[in-house]
Amino acid sequence: QICSSNIATHSELLEAERDLIASYIKSSSFAIAKVHALMKDEAYIGQCWKRFALSLSNLFSVEKDLESAHIGDQIKSNKKKQPFRKLRKSAVDDGLKILARAKMDRASLSLETLKAMLNAYYADLNSVVPAFKEYTDALSQLEQLEEIRATKENDHENSHARSNTNKIDWQSQLKHLKSVTSNKLIDISKQITGVSSQTAPTTGTSESDPLGDGDLYSLNSAQTKALQSRVLENEKMLKFSITLLCKATPLRNARMGWWYLKTEAKQASNVHAAATALRQTLSIDADTAIAMKERRYDEDEMKDRATELDLVKRFIELGGHHDDIHSGECKSEMEATRQHAFRMATERVGRWDSETALAILSAAGMEDAEVQMDETSRELRHVRKYAISLREHVVRCLEAAEGLYDAFIADSESAVQISRSRREFWAAISTVFSGRVSSNEFGAGIASPSTKVLSSVGIDVNDRGGWLGHEDSMSSGRRRCGQSARRYLKKRDFQANILISRIQKLLKDYERRLEGIESFVYMHCVGIQVEKHCSKARAKALSAWDKRTEISTAINVATKKKIPKLVSELKIKLDNLPQVSHTNVIRAKESHLTSKTLKSELHKLANRRFGRAQEVSTERVIAIMSLWAKHEESVAIEEVKALGAAIQEVEHSVQSADLNLAFDKFTMVQCDEDIRPDGRRISPVRGRSLLI
């Protein structure tokens, strides 16, 4: 920064311009810091959108595999009821990737362009600092020489006065001595030669010394005059250059604002195009939409819920066939187990989990029941794999959505507050674009420049573009760039928090679908294990009954043959065998047959639900993608409109005087091509192009 204290300039204009540039340096450095902060936050937002899009793509891919999966011959989905069966995974994946890329580049490219232009502007402003330093150093040297000249002049006058006084005294004494001496010499010569001769008295005194202090004084005076001439010439050039720089600042600020808003409009158009393409990809024809409305899944689900609860009761009753072999205390415990199982099945109807399955198995009479996936078929393991993959991708979608929600909510504890960062960025960059100097911009060592002096030479410090949002903009001749920019800022990601909250709600509702798919696996496991348990119980009872029958027959034979020792041994063996009667064998057989029936009915119920899940497998994830695409499409078009109005205001803020200044010979060079702020070259133009 340029400090105005202890610096004396020859021009009040240069003093004001120096303080003005100091304020520009301060505001532009602050704006650059805000640009860097916003770029970091926008990159985080873009990464969250990217993770969300990739998770949605993976979720759709798994749902598509589930839609076309052949799980058992008994499951035959009606392909006509699958509205998105012709929608390919690659098309959705490409659409989501394009939209994710557009969201990532939505703010990065414009901020990169603005950062490059601000850095160049900041560098140009700082390049003025050495020029002012050299100028002030030259002034200091000139002042020192003036002091030296004044000191030597005083010393010379004093020495000259003293020398004149001394010369008068010595001259009088010399004259007297000369007269006495000459008279004596005349007398002596007359005595010797006898000739009288007249000699004129001579007074040969030097009144000036050719090597005195006068030459040194004249040499310092020449140096001082040369330095004064050079300083005045440099001051004139410096004043002209700095004034030209300050006058060109409004056009340069307008150019920065125009390029930034133009790049923002381009990126918003890309988002709109990507969202429109994704929405069109996800659209279906009218006949399919009518078919979707004609489906009666709710009625079928109500019937299946009643059937499910009836099957649970029958499973519980299946375990009650063995109550006669338990004591009273065991019977009460079994009754509590059955009630608990039925209550859990009622609460989670159609959404069985491991706890519900274990409760039903325990109520069905299985001790130390475990849900073992190794005993299931290959198809069930595939379904379980699909369910695990779906849950994993849904969790990732929720994590990305929660990150976005925290960033867009003002009162959240997230480190990224995108709305606040954008407001601070716009406040800082509007100060730069306005070119106005306010009192709160000046820190220690920075003086407020004279607005009257600056305005007298045509330097605009009154925010002609209206970037700071004055209420009387039009009445005072200002444009409304600030108001247009703030209207765009309100349109930026309009109602994004509402969109994210709706997406979160849909993702949380998605868990019911996941629980329904997992319920398919658990229902099959319960049916298989109950049937297996009843089969083992029947085989065990039948085996025990056969052994008891054989031993009883042997005891009868041994009794008839009067072999008491053998009879006693056989009775001991008979007592060690389980107490199984023919009635128990019949009950075990009936339980086994019942378990087979229950297993078949339960599997049919699970298959019906899975068939409906296949028919609507991709509808939920497509609903989320459609919601996102429609929101981005509507918001992006409003952003483009707001940006168009802001760009028009910026263009109108540029006056003809700014353009005339752009054709000054000191700011123009002959060139054949120009370069855009992003580094791309544009076609050659005639004449001269402005280097701002």
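Keep in mind that this is a model prediction, so the values were computed, not measured.

Caption draft 1: The overall build of the protein, seen in detail. The helix and strand inventory of the protein stands at 17 helices and four strands. By residue count, 41% of the 692 residues in the protein fall in the buried class. In the protein, the proportion of contacts linking residues at least 24 apart, taken out of those at least 6 apart, comes to 83%. With an accessible surface of roughly 38100 Å², the protein has 52% of that area assigned to carbon and sulfur atoms.

Caption draft 2: Seen up close, the environment of glutamine 655. Within the secondary structure, glutamine 655 sits in the loop between α16 (619-653) and α17 (656-662). Note on glutamine 655: relative accessible area 36%, which makes it partly exposed. Remark: the alpha-carbon pair of glutamine 655 and leucine 251, spanning 404 residues in sequence, is separated by 8.6 Å.

Caption draft 3: Structural view of the nonpolar core. In terms of nonpolar packing, the biggest core is built from 142 residues, with Phe52 and Trp426 touching the most fellow members. If one sorts the elements of this core by residue count, helix α1 (residues 12-67) sits on top with 22 residues. Setting aside residues no more than four positions away along its own chain, tryptophan 426 makes contact with Tyr260, Leu261, Trp467, Ala485, Tyr488 and Leu489. Ala558, Val567, Leu570 and Leu574 belong to the second largest nonpolar core, which has seven residues in total.

Caption draft 4: Layout of the packing of α1 against helix α10 (residues 418-434). For the pair α1 and α10, interaxial distance at closest approach is 9 Å and the crossing angle is 150°. The angle between α1 and α10 places the two elements in the roughly antiparallel class. Between α1 and α10 the crossing geometry is left-handed. Between α1 and α10, the residues in contact are Ser27, Ser28, Phe30, Ala31, Lys34, Val35, Leu38, Asp41, Glu42 and Ile45 and Ile418, Ser421, Arg422, Glu424, Phe425, Ala428, Ile429, Thr431 and Val432, respectively. Of the residues that constitute the contact of α1 with α10, the class distribution is ten nonpolar, four polar and five charged.

Caption draft 5: Spatial organisation of a positive patch on the surface. A surface patch of positive charge is lined by Arg480, Arg486, Arg487 and Lys490. One can find arginine 486 in helix α12 (residues 481-491).

Caption draft 6: Structural context of unusual backbone geometry. If you check the backbone angles, aspartate 463 has positive phi at about 55° while not being a glycine. The residue aspartate 463 is located in the loop between α11 (451-456) and α12 in this model. Taking the relative accessible area as the measure of exposure, aspartate 463 reaches 0% and is therefore buried. The phi angle at lysine 562 is positive, at roughly 55°, despite the residue not being glycine. Mapped onto the fold, lysine 562 is located in the loop between α13 (496-560) and α14 (564-576). You can call lysine 562 exposed: its relative accessible area is 72%.

Caption draft 7: Representation of the packing of α1 against α13. Interaxial distance between α1 and α13 falls to 14 Å at its minimum, and their mutual angle equals 30°. In this view, α1 runs roughly parallel relative to α13, as classed from their interaxial angle. The two elements α1 and α13 meet at a crossing, and its hand is left-handed. Contacts from Trp49, Phe52, Leu59, Glu63 and Leu66 of α1 reach α13 at Leu499, Ile500, Ile503, Leu507, Tyr510, Arg513 and Ile517. For the contact of α1 with α13, the per-class residue count stands at ten nonpolar, no polar and two charged.

Caption draft 8: Looking closely at the packing of aromatic side chains. Taken as a whole and assessed by the stated rule, the structure comprises nine aromatic pairs. With a centroid separation of 5.8 Å and 70° between ring planes, the pair formed by tyrosine 260 and tryptophan 426 is classed as edge-to-face. Taken as a pair, tyrosine 260 in helix α4 (residues 213-282) and tryptophan 426 in helix α10 lie far apart in primary sequence, 166 residues in all. Among the aromatic residues, those joined into a ring-pair cluster are Trp49, Phe52 and Trp628. Lying over the aromatic face of phenylalanine 494, lysine 491 brings its terminal NZ or CZ to 5.9 Å of the ring centre.

Caption draft 9: Seen up close, the pattern of salt bridges. Under the criterion given, the structure shown has 33 salt bridges. Across the pair glutamate 639 and arginine 106 runs a salt bridge whose closest N-O atoms are separated by 2.8 Å. Taken together, the residues glutamate 639 in helix α16 and arginine 106 in helix α2 (residues 89-126) connect sequence positions 533 residues apart. On the basis of relative accessible area, arginine 106 is assigned to the buried category, the value being 4%. The shortest N-O distance in the salt bridge between aspartate 137 and lysine 133 comes to 3.3 Å. One end of the pair, aspartate 137, and the other, lysine 133, are both in helix α3 (residues 128-193), four residues apart, so they sit about a helical turn from each other. Note on aspartate 137: relative accessible area 31%, which makes it partly exposed. Overlapping salt bridges, with partners in common, bring together Glu301, Asp304, Arg305, Glu308, Arg608, Arg609 and Arg612 in one network.

The rules behind each value
Residues numbered from 1 in each chain as written. Predicted model: local features only at pLDDT ≥ 70, side-chain atom pairs only at ≥ 80, totals over all residues. Heavy atoms only, no water. Helix = DSSP H or I, 4+ residues; strand = E, 2+ residues; numbered from the N terminus. Buried < 20%, exposed > 50% of the residue type's maximum accessible area, 1.4 Å probe, protein only. Contact = heavy atoms within 4.5 Å. Areas by Shrake-Rupley, 256 points an atom, 1.4 Å probe, with all protein chains shown as cover. Core = buried A, V, L, I, M, F, W, Y, C linked by side-chain atoms within 4.5 Å. Axes fitted to C-alpha atoms, helices over the stretch in contact; angles between N-to-C directions. Parallel < 35°, antiparallel > 145°, perpendicular 65-115°, else oblique. Left-handed = near helix turned anticlockwise from the far one by under 90°. Nonpolar A, V, L, I, M, F, W, Y, C, P; charged D, E, K, R; others polar. Patch = residues over 30% accessible without salt bridge, like charges linked within 9 Å, V, L, I, M, F, W, Y side chains within 5 Å. Salt bridge = Lys/Arg side-chain N within 4 Å of Asp/Glu carboxyl O. Lys, Arg positive; Asp, Glu negative; His and termini not counted. Charge placed at Lys NZ, Arg CZ, Asp CG, Glu CD. Phe/Tyr/Trp six-rings, centres within 6.5 Å; stacked < 30°, edge-to-face > 60°. Lys NZ or Arg CZ within 6 Å of the ring centre and 35° of its normal.

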